[in-house]
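Residues per chain, in single letters:
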Amino acid sequence: MDRVRKIINASKAHEKGYYGEGIGIAVLDTGIFLHPDFEHRVAYFLDYIRGKNSPYDDNGHGTHIAGIIGGDGKVSDGKYMGIAPRCHFIVLKILDKKGNGNTENVVQAIEWLVQHKKAYQIRIVNISIGMVLQAESKERIRLLQSVEYAWDNDLVVVAAAGNNGPGKSSITVPGICRKIITVGCFDDTQEQIGRSMLKPNYSGQGPTEHCVVKPEVVLPGTNVTSCSIYPSMYMRKSGTSMAAPMVSGSIALLLDKYPYFSPADVKLRLYKRAVDLGLPLSKQGWGMVDIGKLL
């Protein structure tokens, strides 16, 4: 995260006192481990897998995501601090210990978020998961309708582009939704990934089958060190799953400065302030998020 924060100029926001305080970010994932870097900022936990009341993460993916969004870096003396270290988390466990889930859990989780957004000051929904579903399947249609419902109810939805690139139209569901913000990686080259489970140029690419430009933005997502579940405090992971929460954190900083921004305002701001990396449109969309420019 120390490397990432420099690349996207997160310090430009922190220097001006914007840390995401008062911004609730919903994380739909494998849960969360109460890592010291989260202090007391897990405002609510809801478990759709095992029905437990206390926060837990039996996979580690969700904890890593939350750390990228808003870990405060306490254990690492600030080295692995996230993007918005004073935001608070609303964690909905929709994936099991193997990272598997189902559409119904996602739909129910989003309905809960819309109902409770005011109580927990929820502004952003991070979905670092992706599914490859048939074009006309009921599951796919239901999932896309659900994320649109969240967006239409003033929740900024951020989704990963998926790791099925580099083929054309390789973005996963729900990232293909035209309304939400879809995030890819630009550092998925062979040189960057090294010996990895992921193949070079793994980041999902557009356009969608309806010729919508996707992803909207790209960030670094390869070899990102963030919070881990016990016993290790930090671990390294790669994928568009890691890039999406960087955008969620960036938007938290933006909403800290401009709390009246609607999801449409946020998306327009990302479009206007993105940094062109000179990559193909299908790869980079509008370009890279630079927090200094964004704010």
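For the structure, see preceding data.
Parameters at a glance
- Residues numbered from 1 in each chain as written.
- Predicted model: local features only at pLDDT ≥ 70, side-chain atom pairs only at ≥ 80, totals over all residues.
- Heavy atoms only, no water.
- Axes fitted to C-alpha atoms, helices over the stretch in contact; angles between N-to-C directions.
- Helix = DSSP H or I, 4+ residues; strand = E, 2+ residues; numbered from the N terminus.
- Parallel < 35°, antiparallel > 145°, perpendicular 65-115°, else oblique.
- Left-handed = near helix turned anticlockwise from the far one by under 90°.
- Contact = heavy atoms within 4.5 Å.
- Nonpolar A, V, L, I, M, F, W, Y, C, P; charged D, E, K, R; others polar.
- Salt bridge = Lys/Arg side-chain N within 4 Å of Asp/Glu carboxyl O.
- Buried < 20%, exposed > 50% of the residue type's maximum accessible area, 1.4 Å probe, protein only.
- 1 Å grid on protein atoms, 1.4 Å probe; cavity = no way out; pocket = protein on both sides within 12 Å on 5 of 7 lines; lining within 4 Å.
- Points joined across faces, edges and corners; volume = space filled by probe spheres on them.

Any chance you could explain the packing of helix H7 (residues 240-257) against helix H8 (residues 263-273) here in plain terms?
In helix packing, the relevant descriptors are the interaxial angle and the interaxial distance, both defined with respect to the helix axes. Their axes nearest at 11 Å, the elements H7 and H8 cross at an angle of 110°. What the angle tells us is that H7 and H8 run roughly perpendicular. Judged by the twist between their axes, the crossing of H7 over H8 is right-handed. Seen from H7, the contacting residues are Ile-251, Leu-254 and Leu-255; seen from H8, they are Val-266, Arg-269 and Leu-270. Here the residues of the contact of H7 with H8 are counted per class, giving 5 nonpolar, no polar and 1 charged.

Quick question: what am I supposed to make of the pattern of salt bridges here?
A side chain of one charge can pair with a side chain of the opposite charge when the charged atoms of the two come close. A complete count under the given rule lists 11 salt bridges for this structure. Arg-3 is paired through a salt bridge with Asp-187; the nearest N and O atoms lie 3.8 Å apart. Taken as a pair, Arg-3 in helix H1 (residues 2-7) and Asp-187 in the loop between strand S6 (181-185) and helix H6 (190-193) lie far apart in primary sequence, 184 residues in all. Residue Arg-3 is classed as partly exposed on the basis of its relative accessible area of 32%. A salt bridge links Glu-104 to Arg-142; the shortest N-O distance between them is 3.2 Å. Pair noted here: Glu-104 is in helix H4 (residues 103-116) and Arg-142 is in helix H5 (residues 138-152), with a separation of 38 residues, a long-range link.

What is the right way to read the layout of surface pockets from this model?
If a probe the size of a water molecule is rolled over the atoms, the empty space left behind becomes visible. Estimates place the volume of the largest pocket at around 310 Å³. Lining the largest pocket are 14 residues; nearest its centre among them are Leu-144, Ile-176, Cys-177, Arg-178 and His-210. Taken together, the residues of the lining of the largest pocket break down into 6 nonpolar, 3 polar and 5 charged. Reported here for the second largest pocket is a volume of approximately 170 Å³. Looking at the lining of the second largest pocket residue by residue, the class counts come to 3 nonpolar, 6 polar and 1 charged.

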